[in-house]
Structure formats: C-alpha cells, structure tokens
Amino acid sequence: MDQEKAVIVSHVSKSFKIYSDKSNTMMESLLFWKRNRYESKLVLNDISFSIEKGEAVGLIGHNGCGKSTTLKMLSKILYPNKGTIQTFGRVSSLIELGAGFHPDMSGRENIYINASVFGLTKKEIENRMDDIIAFSELEEYIDHPVRTYSSGMYMRLAFSVAINVDADILLIDEILAVGDVNFQLKCFKRLRQIKEMGSTIVIVSHSMKQIELICDRSIWIHEGQIKAQGDAYRVNSCYLDYMGELQQEAAENNLKETEIGKRWGNGEARISKVRMINKKGEDVHRFCTDDPVTIQFDFEINKNIENAVFGIGIFRSDGVHCYGTNTNIDRLPEYVLTRNGTVSFVMDAMTLLPGSYSLNVTIEKDMGMPVDYYTEAKKFEVYAKLEDIGVARMKHQWQIDWN
C-alpha cells in the first residue's frame, strides 16, 4: 500500500443496463419477456488516477460524462464492472441531498443515523452533537421531522454531519449549490480548515470558481475517459474553452444570420452584412468576457450621403440597454458616403458578463435621421471564466494600504 495515497483508481470501467421496455407486473414479465431487452451503456472506460493524502481534487465535465458515477464508486454506492478502486481511511460523502434521512424522524435522530453510517459510535456522536447542530444553524428546528425542512435546511444538516465525522476522505457532489450565500461561505471556510488538517477532498461541481477556491487539481472526464488533469485553473480553462466551442456550434446552428430584427430608414444606404469577430479572426456568436471583439458591418450606397454617422447598441435579452455609442458621440467627423464600405468597431475586451445579447447597428445622417436602423442585426452569447456579478466587468486593480 502506498502510504501517501488516499485514493487509487486503476483501469476502472462502468456500464449500466438501459431497458427498452419495463414490465409493471410479474404477469407482464412472463407474457412479454422479450420486451425486457436492454442495451449496455458504457459510462466510464478504463480510467485511472490517484489522489494524494491531503489533496483537494475537482472532477469536472459536462452532464453525463461520468464524474458523478466516479464519485459514487469512490463512496461504494456503486461498484465498477472492471478495474479496482482503493480508498485509505474513513470516507464521508455528500452525494445526494438528504440521502439516508428518514422523513418522519427529527433532525437530531437523523444525525444519529447518518453519523453511525459513517462509522461513528454513539458516544462519538453524542460528543459532537452540539457542534453539528451549531454548524447547521438549525437549533430551533432540530427536533422537528425533517420532512418539514426546506432543501436548504436538508443541505445544512447533511453537510454539518459529513464534516464532523473526522473523515480522512470527504466526497462532495454539487451539494454547495444549495443554501444561502452566507452558509456557502461558511462551508468553504470549513472545507479549507478540513484540508489544512490533512483530509482529502474530492468535489464534483459545474462551478469552476468553487473548484478553484478549494482544489489543487482538476480531473476533466470527457465521454467516460480522462481528457486532462493537472493544475485546477489550467484544466478548468481548457474545459471552458471546449464548452465555449460546443455552444458556439449550437449557436451557429440555431442563430442563422438572417435579418431577424426590425429595420427602418430612408434607404439611401443599406447595411448588408454584420459580423462579430473573435480573437482568432472568426465571425462567431459566442465570446468570453475579457476577450477582444470587433464588430463589423458592410454598407451599400444607393445615394450619396452627407453628414453620415455610424452607431452600435447592445441589449441584454431582458431588454436592458447595456451600451450604445456612435461616431458623433466619440467626436469623430461626420462622413460623406459616396461608395460602399465597411465599418469596424474594435473593443480591446468584451466587458459584458455572461448572458444572451443582441446587437443593433445604424447609419444616420443630419442629427439623427435614420438611413438604415437595423435592430437585432445579430444575437450573441457571452460566457466567463470568472464569476463577477452584474452587467459588465469593470477594469480594476486592488490596493491595500496598511496603517
């Protein structure tokens, strides 16, 4: 046995039987036995990895990739079809919210049941009871049946038990997505303390920020195999780039470049093509916050125009006007249009935060008369590798002066 390892996963494969038709009664099973056919779905295919004692590791990947199945096998809820899994020490898990709770028993009674499942003796549970209740902040409700608890209260109680059993290995599956912000911060602080005390932590989460706040390393599981593992920020960034490319493909399939918006104007010129160009020089519908973006549109002249002004406007899907400007506002001279051309609006960084947006582009003249006002000329999506809150990411620096 390797004394430095907490978890060793060696050439593990896991498949599930997917039945095409399920019988409801024994009679149906006998009469229609041919219906009980199934196909085997391979969820994990020959994966291997190890986790050091005291290490915090995040399992990431899109839905259905096998990360939660991996965690359930680590907790021995499921077992592999092939390969071996070794865990060294007491394992505590938060796999499913309130799993193992009896709805008609009180919170206190469920603490006894849950903690005993993790291997604590009655005396050990009694010694920790006050700490468990205090952390859960459920003193007022601890003797009520848990069926009266909200999902947030379930989470508080389950988390409080799991972190107070002095586990060598703590397994967590998306549990931190539940509960109010203050309790989540309390959980993060406690997880860091547990890690500092030498426990091993394995977390499944779709929140890259959660992973990076707690974990040293990420393991990216993709279609049942390990695609990458290493430094949490580096692997998470690769994963987010990949997901961005997938969503870009979906956007291109669903958001065909047609004149889906309304447009009006006197027709002296017409905007013929609108593009949003990413850092690779590609015309796309999806961007990452902080990446450079160039908005371009071609125009065709039907009549010479004097005093022309070009403008853009960006709206969020809920109608919030996020930004708008034009060449007049930016103190550029008004243009005389005598031939076709292309307008480029260059942004060093896309400062909008994640969401769905639409782009308006305009040609005006003579103090606001519309020549071609093209609304919803392009729809686009923004994603981020950070978790700022609001509409836009402000360029900033932090500075602390000590007295």
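Because the structure is a prediction, the values reported are computed rather than measured. (Residues numbered from 1 in each chain as written. Predicted model: local features only at pLDDT ≥ 70, side-chain atom pairs only at ≥ 80, totals over all residues. Heavy atoms only, no water.)

A few words on helix α3 (residues 107-117). Among all positions of α3, only Gly107, Asn110, Ile111, Asn114 and Ala115 are buried. The arc that holds every buried residue of α3, seen down its axis, measures 125 degrees, which confines them to one face. Along its buried surface, α3 packs onto α4 (122-136) and α5 (151-162). Gly119, located one to two residues past α3, shows a positive phi value of around 105 degrees. (Buried < 20%, exposed > 50% of the residue type's maximum accessible area, 1.4 Å probe, protein only. Helix = DSSP H or I, 4+ residues; strand = E, 2+ residues; numbered from the N terminus. Arc of directions from axis to C-beta. Contact = heavy atoms within 4.5 Å.)

Next up on the list: the pattern of salt bridges. Scanning the entire structure with this criterion turns up 17 salt bridges. Glu52 is paired through a salt bridge with Lys5; the nearest N and O atoms lie 2.5 Å apart. Of this pair, Glu52 sits in strand β2 (residues 38-52) while Lys5 sits in strand β1 (residues 5-19), and the two are 47 residues apart along the sequence. A residue is classified by how much of its surface remains accessible, and Glu52, at 31% relative accessible area, is partly exposed. A salt bridge links Arg316 to Asp318; the shortest N-O distance between them is 2.8 Å. (Salt bridge = Lys/Arg side-chain N within 4 Å of Asp/Glu carboxyl O.)

Take the pairing of strand β13 (residues 293-301) next. Among the nine residues in β13, eight count as buried, and that is most of the element. The sheet contact formed by strand β11 (residues 269-277) and β13 spans eight bridges and is antiparallel. From the neighbouring strand, Arg275 faces β13, where its bridge partner is Gln296. Both β13 and strand β17 (residues 341-347) contribute to a ladder of seven bridges, which runs antiparallel. Looking at the pairing, Val293 lines up with Met347 of β17. (Pairing = 2+ DSSP bridges.)

This part takes up the nonpolar core. Ile111, Tyr149, Leu157, Phe159 and Leu170 are the most contacted members of the largest nonpolar core, which totals 47 residues. If you tally residues by element for this core, the top one is α5, at eight residues. Each residue touching Leu170, except ones within four places of it in the same chain, is listed here: Ser92, Ala162, Ile163, Leu191, Ile194, Thr200, Ile201 and Val202. (Core = buried A, V, L, I, M, F, W, Y, C linked by side-chain atoms within 4.5 Å.)

Turning to the sheet that holds β17, a few remarks are in order. In space, the three strands of this open sheet follow the order β11-β13-β17, with antiparallel pairing throughout. Each end of this open sheet is capped by a strand with a single partner; those strands are β11 and β17. On average, each strand axis in the sheet is inclined to that of its neighbour by 20 degrees, with strand direction left out of account. (Axes fitted to C-alpha atoms, helices over the stretch in contact; angles between N-to-C directions.)

Mapped onto the elements, Asn236 comes out in helix α8 (residues 232-254). Relative accessible area serves as the criterion here: at 0%, Asn236 is assigned to the buried category. Residues in contact with Asn236, not counting those within four places in the same chain, are Ile60, Met208, Ile211, Glu212 and Ser218.

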